[in-house]
Structures are given as C-alpha cells and as structure tokens.
Amino acid sequence: MDNKKLIRKALEAKKMAYVPYSGFHVGAAVEMEDGTVFTGCNIEIVSYSPTICAERTAIFKAVSEGHKKIRKVAVVGDSHHTYPCGVCRQVIREFGKDARILIANTEDDFLEYGLDELLPHSFGPEELLPDSEEENNV
Ligand code: THU
C-alpha cells in the first residue's frame, strides 16, 4: 500500500486511543506481506503495566488472524515524530526483520527507516530456531 494511505489509516486508528492517564494518543497501521492492513491504538489500564502500545495492538491483531509477516508499519502519535518503544521494536523484529517503518506526523510529513536502523544488532527468532524461515517460524 502507498505510504500516504497507510499513514491515513494510522491517523484514523489514533482517534480510538484509550489514554485516560497519559493523554498521549498513538495510532499504528501494519501492512502484512499479502497486503492486508491491520490497525491499532494504545490502550491504557489503570494499574499501568497492562497498557499496550498502538503498534503491538495492530501486530497482535494481525498475528491472531494468521498474518505473520510484516512489510510496513506506520506510527503516528501526539508528538511530532513518535518512535516505537523498545518493546514494540522487538515485536516488529519477531515478524518483520526487513520491515519498513514510517514515523509520521501527517501523510506528507514522515520519516522512513528500516527496522535494522531502529533496532541494530538485534536478537531474533533465528537465534533459537536456526533452521526456521525466521518470521514464519511456527
Ligand atoms: N505509546 C505507544 O502506543 N506507542 C509508542 O510507540 C510509544 C508509546 C503509548 C504508550 C502509552 O499509552 C503512551 O504512549 C504514553 O507512553
């Protein structure tokens, strides 16, 4: 999918953010290998640790519906450029070693990275499953 369209989906998802504690809204859209797109928002829980980021909401929706290979991720937050947290970078690594990451403000204002730039020297599935196809390692 075209970058602008994926960012628009992330912006839509951001509207659903449930953020009563931080007030910081985040939306994400992930495009999977076959072109299917899943979206997610951050969801905060009063005891804090169960809180989930937008990226992981979207990725877990995808994986739970049988889509395990990420092609591209778009992220939008309330800051000008909201970068994925370390936990989300590792989750992207699990399903998208070669994923492209769009850190967006608007559909015309975004930065693009490879996951390897955001999570260099990463630890990935192939370390524990050396014979696997990495992101399809089930
Ligand atoms: N958050 C995300 O959803 N994604 C990120 O990439 C960074 C942080 C959320 C978690 C929490 O709900 C809020 O932003 C403030 O940390």
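Residues numbered from 1 in each chain as written. Predicted model: local features only at pLDDT ≥ 70, side-chain atom pairs only at ≥ 80, totals over all residues. Heavy atoms only, no water.

## What to know about a nonpolar patch on the surface
Here comes step 1: On the surface, Tyr18, Tyr21, Ile43, Ile45, Val46 and Tyr48 cluster together into a nonpolar patch covering about 600 Å² of accessible area.
Here comes step 2: Mapping Ile43 onto the fold places it in the loop between strand 2 (37-41) and helix 2 (54-64). (Patch = residues over 30% accessible without salt bridge, like charges linked within 9 Å, V, L, I, M, F, W, Y side chains within 5 Å. Areas by Shrake-Rupley, 256 points an atom, 1.4 Å probe, with all protein chains shown as cover. Salt bridge = Lys/Arg side-chain N within 4 Å of Asp/Glu carboxyl O. Helix = DSSP H or I, 4+ residues; strand = E, 2+ residues; numbered from the N terminus.)

## So, the pattern of salt bridges
Side-chain pairs of opposite charge can arise whenever the charged atoms involved come near each other.
Here comes step 1: Here the structure, examined in full by the defined rule, presents seven salt bridges.
Here comes step 2: We note a salt bridge from Asp108 to Lys4, for which the minimum N-O separation is 2.7 Å. Residue Asp108 is found in the loop between strand 4 (100-106) and strand 5 (109-114), and its partner Lys4 is found in helix 1 (residues 3-14); the two are separated by 104 residues along the sequence.
Here comes step 3: Among the ionic pairs, Glu31 bridges to Arg71, the shortest N-O distance being 3.1 Å. Of this pair, Glu31 sits in strand 1 (residues 26-32) while Arg71 sits in strand 3 (residues 70-77), and the two are 40 residues apart along the sequence.
Here comes step 4: Note on Glu31: relative accessible area 2%, which makes it buried.
Here comes step 5: Arg71 sits in the partly exposed class, given a relative accessible area of 36%. (Buried < 20%, exposed > 50% of the residue type's maximum accessible area, 1.4 Å probe, protein only.)

## Comments concerning the site of the ligand
Here comes step 1: Neighbouring the ligand are Ser22, Phe24, Val26, Asn42, Glu44, Thr51, Cys53, Ala54, Glu55, Tyr83, Pro84 and Cys85.
Here comes step 2: The side chain of Asn42 places a nitrogen or oxygen atom 2.9 Å from an oxygen atom of the ligand.
Here comes step 3: Measuring from an oxygen atom of the ligand, one finds a side-chain N or O atom of Glu55 at 2.5 Å.
Here comes step 4: Bound to the protein, the ligand loses 78% of the 380 Å² it would expose on its own.
Here comes step 5: Most atoms of the ligand, that is more than half of them, are within 2 Å of grid points of the largest pocket. (Near = heavy atom within 4 Å. Polar contact = N/O pair within 3.5 Å; in protein donor to acceptor, adjacent residues only side chain to side chain. 1 Å grid on protein atoms, 1.4 Å probe; cavity = no way out; pocket = protein on both sides within 12 Å on 5 of 7 lines; lining within 4 Å. Sits in = over half its atoms within 2 Å of the grid points.)

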